[in-house]
Amino acid sequence: MPKLQDADLRVENRVATLTFMRNDVRNALTGTALIEDIITTLDWMNKATDHVSVLIITGDGAAFSAGGNIKDMQERGGDFAGDVEEVQTRYRQGIQRIPVAMNKCEVPIIAAVNGPAVGAGFDLANMADLRVASSKAKFGETFVNLGIIPGDGGAYFLQRLIGYQKAAELTFTGRVIDAQEALDLGIVLQVVEPDKLMEAAQDLANQMAKKPPQALRFTKRLMKMGQRMELQDFLDLCACFQGMCHNSEEHMEAVEKMIAMMKR
């Protein structure tokens, strides 16, 4: 298990849960160790093939994540200090490592959005494969309200999630939406009462964690690769992965289990 500073990581039944533990700053990603904690966890997840099949990310306290630390912005300090070259270097070496690592993660990621997810916090949730929200959750691509742009890659993920036109409306207005509208737009998969959030996320994770782990990781990788490959190249890759699966022990075990179920 990796050592984290501002987050808690636990594993049970092949499901890892990463909880942001900086409620004092509404789990802001900048000005805390959360960026490093997320990167460290994702790197460990890719290597923990024998232990983990699914990752849940959530926030402790009232917020999922407030994104950037506005106080640091006001003071031109922390990640936002310096001239143009310094700021862009800090973005590239800091928060922009999150979308790269999230996109490379080989296991399904579920964001259990317990409260407000705004700015980079909203983008982080959108980088996950699936989102389950508390009825108290709120979402906002709020960068324009602060006179900045989604520097963490949010404009890339949101339009792929809900289409360009609606993503443009949310991004250009900086409007904050509630959990029900997020459900209607397809941003979240499910909305539940706050005390049922982690149960819902765990139920979803457990369904995946029970599947053959190698096939699950291959499937996640294929779905990500399918977003950026030409069809013929993608089909060639599918054939290669399928050959690996057909020659695996877990495939034969799964087939035997399915035949036994059919005989009942």
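Below is a summary of the structure that appears in this document. What you are looking at is a predicted structure, and each value in this text was computed from that prediction instead of being measured. Positions within a chain are numbered from 1, following the residues in the order the chain's sequence is written. Side-chain atom pairs in this predicted model are given and counted only at pLDDT of 80 or more, local residue features only at pLDDT of at least 70, and totals for whole chains, interfaces and linings cover all residues. Derived side-chain values reflect all non-hydrogen atoms in the structure, with water molecules and hydrogen atoms excluded from consideration.

**Brief notes about the pairing of strand β6 (residues 130–134)**
- Of all five residues in β6, four are buried, a share of seventy percent or more.
- Pairing between strand β4 (residues 109–113) and β6: four bridges, direction parallel. Along β6, the bridge assignment pairs A112 with V132.
- As judged from the three bridges shared by β6 and strand β9 (residues 190–192), these two strands associate in the parallel manner. The residue of β9 that forms the bridge with A133 is V191. Remark: exposure states derive from per-residue accessible area (1.4 Å probe, protein chains only) relative to the maximum for the residue type, with buried under 20%, exposed over 50%, and partly exposed in between. The way it works is that DSSP assigns letters per residue, a run of H or I at least four long becomes a helix, a run of E at least two long becomes a strand, and they are numbered from the N terminus. Being paired, for any two strands, means DSSP has found at least two bridges between them.

**Things to note about the nonpolar core**
- What makes a nonpolar core is a set of buried Ala, Val, Leu, Ile, Met, Phe, Trp, Tyr and Cys residues whose side-chain atoms join them at distances within 4.5 Å. Formed by 49 residues in total, the largest nonpolar core has its most connected members in I57, I98 and F139.
- Ranked by residue count, the leading element in this core is helix α1 (residues 34–47), at seven residues.
- In terms of nonpolar packing, the next biggest core, distinct from the first, is built from 15 residues, I110, A200, L204 and A209 among them.

**Details of the pairing of strand β3 (residues 54–59)**
- Taking burial as the measure, the six residues of β3 include six buried ones, the bulk of the element.
- Residues V54, I56 and T58 line one face of β3 and the alternating positions L55, I57 and G59 line the opposite face, and both faces are buried.
- Inspection of the sheet shows strand β2 (residues 15–20) paired to β3 by six bridges, in the parallel sense. When the sheet's bridge partners are listed, T19 is paired in β3 with T58.
- For the segment spanning β2, α1 and β3, crossover handedness is right-handed.
- Both β3 and β4 contribute to a ladder of four bridges, which runs parallel. If you follow I56 over to β4, its bridge partner there is I110. We call a crossover right-handed when, viewed with the strands running away from us, the connection from the first strand over the helix to the second turns clockwise.

**Section: the side chain of D152**
- Residue placement: D152 occurs in the loop between β7 (138–140) and α6 (154–162).
- Of the side chains bearing the opposite charge, R131 lies closest to the buried D152, which forms no salt bridge; the N-O distance is 12 Å.
- Distance and chemistry together define a polar contact, namely a pair of N or O atoms within 3.5 Å, with one atom able to donate a hydrogen and the other to accept it when in protein, and with adjacent residues in sequence counting only for side-chain atoms on both sides. A polar contact of 3.3 Å, which involves the side chain of D152, links it to the backbone nitrogen of G154.
- Note on definitions: a residue-residue contact is assigned when non-hydrogen atoms from the two residues lie within 4.5 Å. Beyond its immediate stretch of four places on either side in the chain, D152 contacts I95, Q96, P99, A120, D123, M127 and F143. His is not counted, nor are the chain ends, whereas Lys and Arg count as positive and Asp and Glu as negative. For this document, the term salt bridge refers to a Lys or Arg side-chain nitrogen within 4 Å of an Asp or Glu carboxyl oxygen.

**A look at helix α7 (residues 164–173)**
- Here α7 has its buried residues at A167, A168, L170 and T171.
- Among the structural elements, α6, β8 (176–178) and α8 (179–185) are those in contact with the buried residues of α7.
- Of the residues flanking the end of α7, it is G174, one or two places downstream, whose phi is positive at about 65 degrees.

**Some words on the environment of K220**
- Within the fold, K220 resides in helix α10 (residues 213–225).
- Residue K220 is classed as buried on the basis of its relative accessible area of 6%.
- Taking the C-alpha atoms as reference points, K220 and K104, separated by 116 residues in sequence, lie 9.6 Å from one another.
- Those residues in contact with K220 that sit more than four places away from it in its chain are C105, E106, V107, P108, I109 and D129.

**Some details on the state of the cysteines**
- For this text, the term disulfide refers to a pair of cysteine sulfurs within 2.5 Å. Inspection of every chain in the model, using the stated rule, returns zero disulfides.
- C245 supplies the cysteine sulfur nearest to C105, a cysteine that is in no disulfide, at a spacing of 18 Å.
- No disulfide involves C238; its sulfur sits 10 Å from the nearest other cysteine sulfur, which is in C240.

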